[in-house]
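The lines below spell out each chain.
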Amino acid sequence: MHRFQLYIDGSFEDGAAQFESLDPATGTPWALMPEAREDEVNRAVEAAHRAFRSGPWPRLTATARGKLLMKLADLVLAAAPRLAALETRDTGKIIRETSAQIAYVADYYRYYAGLADKIEGAHLPIDKPDMEVWTRREPVGVVAAIVPWNSQLFLSAVKLGPALAAGCTVVLKASEDGPAPLLEFARLIHEAGFPPGVVNVITGFGPTCGHVLTRHPKVAHIAFTGGPGTARAVVRNSAENLASTSLELGGKSPFIVFADADLDSAANAQVSGIFAATGQSCVAGSRLLIQRSVKEAFLAKLKAKAEAIRIAAPDLMTTEVGPLCTQRQRSHIEATIAASLAAGATLVTGGQALTGPGFYFPPTILDCSDAPNAPALSQEFFGPVLTVLTFDTEDQAIELANDTQYGLASGVFTASLTRAHRMIRAIRAGVVWVNTYRAVSPIAPFGGHGLSGNGREGGLAAALDYTTTKTVWLRTSDDPIPDPFVMR
Ligand code: TXE
């Protein structure tokens, strides 16, 4: 069995215990993962705190920090095939996706490398004589970065990049599901030459690792990606250390197709919008809203494409949909489909887990037009399941699009420019894609509201989230300050 290690204070170690990681393609153990518990978490936070307060890190210029991040970007790019193979093995995400995504992760580090020495304060035209007043943007301190199993290298890059550019230090907690790529990534942090304690990479379970980390008194900011239930526990913990939080919690994103849209284009975007990453994607376009006059034609295209998808082992370049990451996830999908069928939904295709080894589930389309109370419409599947609702008018489309507690992403397909603008204004979501879907970039902010969380990852603003403002007042007069208690 392969073995992995924790990375704490610049050293690799085995952890308090080891746990087995299952290969989602076979359902059998393939590696032993190190488990961080209270002692390891405390040591990681202490190391990050020491590195923040003393040692070489706080004395580095922002430009030097940027150079280190640039070196990390180069190392990630060079190691992309190895990291991609590990992510595929440990999470079941197909190799086609992990290879492309990890190469792009390098661009995120590159973007924040360039940004490090562009995080500026401001000089203030203050309303008092003989005063110079300016602000400094200083790093908040120790960041707890917590990621779920899907796209761990990507989800950590959007936290680590801006946090390190800003001058913070980090304890990065990989998910207990599929942590291999992040534990391997720790070796690149080491090789890049970050001082000990600046980045610590651990993994472990929610109650014994994540819980301890998020309430630690020396944690200043928590950057969390995961489910809303866990986010509530994290926010409750932040009442202990009063750490600031940024939360990215997934969605139930509407994918709206008007009758005037290019239906072939929209169908291709919808297929990748929901079935890429086997649906385990926060931005999955999981709620199709289709205008009634084209419903039958559009569903026929989708059904044909969904049924033609090649489901196979994730390490084959020809595979288009691989297994889910865990059996837990597959059981949740099965239960939600069963409850939705009982509530009146009908299957267009899929719906039954594949028999045989591994956690496979086929692309599934569930028509909920006659089942307004189906749980499929409100609960995030985090799997390859698309729900369908029908609308007649633009107002109905808006009403349905916003009929969710989530607010992460959305897609609008229409040939009308004026309608596109109206929809952009009306949809409540952090991202609106028009006649496209799933595009992301380090340059573009990303995040949501409501149950989808808050805060933005990507772009300049994300780096500012890891800073705090210090205001400096400097008196420029050489005259002595008069005694305030002498009457004049
Ligand atoms: O994620 P969790 P789960 C949604 C998706 C999924 C559901 C549950 O719908 O079905 O959430 O997924 C750590 N304190 N998304 O249970 O629990 C945990 O160890 C601190 C959407 O796998 O949120 C892991 O590292 N940390 C989503 C991380 O939190 C704790 C991505 C995420 O796990 C903790 C994933 C605690 N008390 C799931 N308990 C998206 N935004 O894309 C657990 N953790």
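Residues numbered from 1 in each chain as written. Predicted model: local features only at pLDDT ≥ 70, side-chain atom pairs only at ≥ 80, totals over all residues. Heavy atoms only, no water.

Undergrad: Help me understand the site of the ligand, please; the structure alone is not making it clear to me.
TA: Surveying the vicinity of the ligand reveals 26 residues, the closest of which are Lys173, Glu176, Gly227, Thr230 and Glu380. Side-chain polar atom of Glu176 to an oxygen atom of the ligand: 2.6 Å apart, as the coordinates give it. In the environment of the ligand, an oxygen atom lies 2.7 Å from a nitrogen or oxygen atom belonging to the backbone of Gly227. In isolation the ligand exposes 820 Å². Once the protein is present, 86% of that is buried. Among the elements of the structure, helix H6 (206–214), strand S11 (221–225), helix H7 (228–241) and helix H10 (327–342) are those that each provide at least two residues to the shell around the ligand. Per element, the largest residue contribution to the shell around the ligand is 3 residues, and it comes from H6. Among the residues forming the shell around the ligand, the class breakdown is 9 nonpolar, 12 polar and 5 charged. Each of domain 1 (2–248 + 458–472) and domain 2 (254–434) accounts for three or more of the residues forming the shell around the ligand. (Near = heavy atom within 4 Å. Polar contact = N/O pair within 3.5 Å; in protein donor to acceptor, adjacent residues only side chain to side chain. Areas by Shrake-Rupley, 256 points an atom, 1.4 Å probe, with all protein chains shown as cover. Helix = DSSP H or I, 4+ residues; strand = E, 2+ residues; numbered from the N terminus. Nonpolar A, V, L, I, M, F, W, Y, C, P; charged D, E, K, R; others polar. Domains from an automatic or database assignment.)

Undergrad: Honestly, the nonpolar core in this entry has me stumped. Any pointers?
TA: Most often, soluble globular proteins keep nonpolar side chains buried together rather than apart. If you look at the biggest cluster of nonpolar residues, it comprises 63 residues, and the most contacted ones within it are Leu72, Val76, Tyr109, Leu160, Leu164, Phe185 and Phe194. Element by element, the count of residues in this core is highest for helix H2 (residues 62–91), at 11 residues. In contact with Tyr109, other than residues within four places in its own chain, are Leu69, Leu72, Ala73, Val76, Ser156, Ala157, Leu160, Gly161 and Phe185. Residues Ala267, Ile274, Phe298 and Phe413 belong to the second largest nonpolar core, which totals 32 residues. (Core = buried A, V, L, I, M, F, W, Y, C linked by side-chain atoms within 4.5 Å. Buried < 20%, exposed > 50% of the residue type's maximum accessible area, 1.4 Å probe, protein only. Contact = heavy atoms within 4.5 Å.)

Undergrad: So what exactly am I meant to see when it comes to the state of the cysteines here?
TA: Taken as a whole and judged by the stated rule, the model has 0 disulfides. Here Cys282 is not cross-linked by a disulfide; its sulfur's nearest cysteine counterpart is in Cys325, at 15 Å. Relative accessible area serves as the criterion here: at 14%, Cys282 is assigned to the buried category. (Disulfide = S-S within 2.5 Å.)

Undergrad: In this structure, what is going on with the sheet that holds strand S15 (residues 346–349)? I would like to understand it.
TA: Either a parallel or an antiparallel arrangement is found when strands of a sheet pair, and the pairing is made through backbone hydrogen bonds. Taking strand neighbours across the sheet as the criterion, the 7 strands line up as S15-S16-S17-S14-S13-S18-S19 in an open arrangement whose pairing is mixed. Where the open sheet ends on each side, the last strands, each with one partner, are S15 and strand S19 (433–434). Direction of pairing for strand S18 (residues 411–413) relative to S19: parallel, over a ladder of 2 bridges. Its bridge partner being in S19, Gly411 is matched across the sheet by Trp433. On the sheet, helix H8 (residues 263–275) packs against strand S13 (254–257), strand S14 (287–291), strand S16 (364–367), strand S17 (385–391) and S18 and is oriented at approximately 170° with respect to S13. Where H10 meets the sheet, its contacts fall on S15, S16 and S17, and the angle it forms with S16 comes to roughly 25°. (Pairing = 2+ DSSP bridges. Axes fitted to C-alpha atoms, helices over the stretch in contact; angles between N-to-C directions.)

Undergrad: Whenever I open this one, the packing of helix H11 (residues 394–401) against helix H12 (residues 417–426) confuses me. Can you help?
TA: Geometrically, a packed helix pair is captured by the angle between its two axes and the distance between the axes. Where H11 contacts H12, the axes come no closer than 10 Å and their chain directions differ by 30°. Looking at the two axes, H11 sits roughly parallel to H12. The crossing of H11 and H12 is right-handed. For the pair formed by H11 and H12, the contact residues are Glu394, Ala397 and Ile398 on the first element and Arg419, Arg422, Met423 and Ala426 on the second. Taken together, the residues of the contact of H11 with H12 sort by class into 4 nonpolar, no polar and 3 charged. (Parallel < 35°, antiparallel > 145°, perpendicular 65-115°, else oblique. Left-handed = near helix turned anticlockwise from the far one by under 90°.)

Undergrad: How should the pattern of salt bridges be read in this particular structure?
TA: Opposite charge on two side chains permits them to pair, given that their charged atoms come into close proximity. Counted under the stated rule, the structure contains 24 salt bridges. Linking Asp74 and Arg110 is a salt bridge whose minimum nitrogen-to-oxygen distance equals 3.0 Å. Taken together, the positions of Asp74 in helix H2 and Arg110 in helix H3 (residues 95–115) put the pair 36 residues apart, joining distant regions of the chain. Judged by its relative accessible area of 27%, Arg110 falls in the partly exposed class. Note that Glu176 is salt-bridged to Lys173, the shortest N-O span being 3.7 Å. The exposure class assigned to Glu176 is partly exposed, which follows from its relative accessible area of 25%. Among the charged side chains, a network of salt bridges with common partners joins Asp260, Glu394, Arg419 and Arg422. (Salt bridge = Lys/Arg side-chain N within 4 Å of Asp/Glu carboxyl O.)

Undergrad: What is the right way to look at the sheet that holds strand S6 (residues 123–124) in this model?
TA: On the basis of which strands lie adjacent, the open sheet formed by 3 strands has the order S6-S7-S21 and antiparallel pairing. At either end of the open sheet lies a strand with only one pairing partner, and these are S6 and strand S21 (467–475). Pairing of strand S7 (residues 131–139) with S21, which is carried by 9 bridges, proceeds in the antiparallel orientation. Bridge pairing links Met131 to Arg475 in S21.

Undergrad: Help me understand helix H5 (residues 180–192), please; the structure alone is not making it clear to me.
TA: In an α-helix there are 3.6 residues to a turn, and that puts residues three or four apart on one side. The end-to-end C-alpha separation of H5 is 19 Å, in line with the 18 Å expected for 13 residues at 1.5 Å each. Judged by how many residues are buried, H5 sits mostly within the fold: 10 of 13 residues are covered. Within the span of H5, buried status applies to Ala180, Pro181, Leu182, Leu183, Glu184, Phe185, Ala186, Leu188, Ile189 and Ala192. Taken from the residues just after H5, Gly193 is the one with a positive phi, measuring 95°. (Expected span 1.5 Å × (residues − 1).)

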